[in-house]
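Take a look at the letters that make up each chain.
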Amino acid sequence: PKHWQDFSFSPDSQRLSSKSLGLDVENRFLVISDSDGTKAQALEEIGNNADKVYPSWSPNGQSVAMFTRGLDFDRQEVFFVGLNGENFKSTIIEGRGFKSSWSPQGDRLLYSVYSSRDDMNPSLWLVNAQGEAIGSGRTDLGLNTWANKCTFAGNDKVYCAVPENLPQGAGLFPELADSTKDDLYVIDLKTGQKKLIAVPESSYNISQIMVSDNQKNLYFTDKQSQKLYK
């Protein structure tokens, strides 16, 4: 259906979570369905809060989506939505503009937010996000970039494209960074150590990034040329 948006596949690729946004505010729901769109089932009513709901099926199948609730100017609370109305713990995040990526085991969440502490620019964080550990181990990884410019390589290593310079307010208005040049970093999540691994010869604005299974090759797309590079 045309009014379904923001799809996320289940770990076995057999089901989807998405937002069903009808014209009537009372007809807007977080839904799950089979991967062909059949057997749709409403999980939660969304109403006017579609921008605070994030379909995101965790790799361990624990949750199918997240939603946020503002606490104050620089903090939000993140809630995890399961298939059966589970009462999962929530976690606090220090900022707005929430973007996230699950670790391969689904036990941790890499996310980025912006706040007044960082001149409204994105900062990268990690938090435990499974079972009773939800919300613990929250760590500022010390890089100013977005979670969707990063990729996991195994459960304990993350590769990220990091802008060399960010204009103030880029977290609030990401289009301000559309022409920035990105460098490539790797983060060891066991030690917290981050390392610059490449400064591309050309001025690439990296929009997507992935690493081969043996970690010998890194692939990325350039937002300006729309080309794929290795």
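Just so we're clear, the structure is a prediction, and the values are computed from it rather than from any experiment. (Residues numbered from 1 in each chain as written. Predicted model: local features only at pLDDT ≥ 70, side-chain atom pairs only at ≥ 80, totals over all residues. Heavy atoms only, no water.)

Digging into unusual backbone geometry
Positive phi outside glycine occurs at Asp6, with the angle close to 60°. Tracing the backbone through its elements, the reader meets Asp6 in strand 1 (residues 4–9). The backbone of Met120 shows a phi angle near 60°, a positive value even though the residue is not glycine. Here Met120 shows up in the loop between strand 10 (108–114) and strand 11 (122–128). (Helix = DSSP H or I, 4+ residues; strand = E, 2+ residues; numbered from the N terminus.)

A short note on the pairing of strand 6 (residues 65–72)
Relative to strand 6, strand 5 (residues 53–55) runs antiparallel, the two being bridged by three bridges. Residue pairing for strand 6: Pro55 is matched across the bridge by Ala65. Looking at chain direction, strand 6 and strand 7 (residues 75–81) are connected through seven bridges and run antiparallel. Paired with Gly70 across the bridge in strand 7 is Gln76. Between strand 6 and the antiparallel strand that follows it, strand 7, lie two residues. (Pairing = 2+ DSSP bridges.)

Description of the pairing of strand 7
Counting buried residues along strand 7, six of its seven residues qualify, which places the element largely inside the surrounding structure. Of the strand pairs in this sheet, strand 7 and strand 8 (residues 91–93) are connected by three bridges, and their pairing is antiparallel. Residue pairing for strand 8: Val78 is matched across the bridge by Thr91. (Buried < 20%, exposed > 50% of the residue type's maximum accessible area, 1.4 Å probe, protein only.)

Notes on the side chain of Lys149
Mapped onto the fold, Lys149 is located in the loop between strand 12 (139–140) and strand 13 (150–152). Looking at Lys149, its side chain comes within polar contact range of the side chain of Asp182, at 2.7 Å. (Polar contact = N/O pair within 3.5 Å; in protein donor to acceptor, adjacent residues only side chain to side chain.)

Quick word on the sheet that holds strand 5
One open sheet accounts for four strands, arranged 5-6-7-8; its pairing is antiparallel. Whereas interior strands pair on both sides, the edge strands pair on one side only; in this sheet they are strand 5 and strand 8. Between one strand axis and the next, the sheet turns through 30° on average, direction left out of account. (Axes fitted to C-alpha atoms, helices over the stretch in contact; angles between N-to-C directions.)

What to know about the state of the cysteines
Applying the stated criterion to the full structure yields one disulfide. The partner cysteine of Cys150 in its disulfide is Cys160, sulfur to sulfur 2.1 Å. Sign of the S-S torsion, about 110° for the bond between Cys150 and Cys160, identifies this disulfide as right-handed. With Cys150 in strand 13 and Cys160 in strand 14 (residues 157–163), the pair connects residues that are 10 residues apart, well separated along the chain. (Disulfide = S-S within 2.5 Å.)

What to know about the sheet that holds strand 12
Spatially, 9-10-11-12 is the arrangement adopted by the four strands of the open sheet, whose pairing is antiparallel. Two strands bound the open sheet, and with one partner strand each, they are strand 9 (96–102) and strand 12. Here strand 10 runs beside strand 11; their pairing, made up of seven bridges, is antiparallel. Following the sheet pairing, Leu110 is matched in strand 11 by Leu126.

Examining a nonpolar patch on the surface
Together, Leu172, Phe173 and Leu176 give the surface a local cluster of nonpolar side chains, amounting to about 260 Å² of exposed area. Considering the arrangement of structural elements, one finds Leu172 in the loop between strand 14 and strand 15 (182–188). (Patch = residues over 30% accessible without salt bridge, like charges linked within 9 Å, V, L, I, M, F, W, Y side chains within 5 Å. Areas by Shrake-Rupley, 256 points an atom, 1.4 Å probe, with all protein chains shown as cover. Salt bridge = Lys/Arg side-chain N within 4 Å of Asp/Glu carboxyl O.)

Some points on the pattern of salt bridges
In total, this model carries 12 salt bridges according to the counting rule given. The residue Lys181 makes a salt bridge to Glu164 at a minimum N-O spacing of 3.9 Å. Separated by 17 residues along the polypeptide, Lys181 in the loop between strand 14 and strand 15 and Glu164 in the loop between strand 14 and strand 15 bring together distant segments of the chain.

In short, geometric facts, not functional conclusions.
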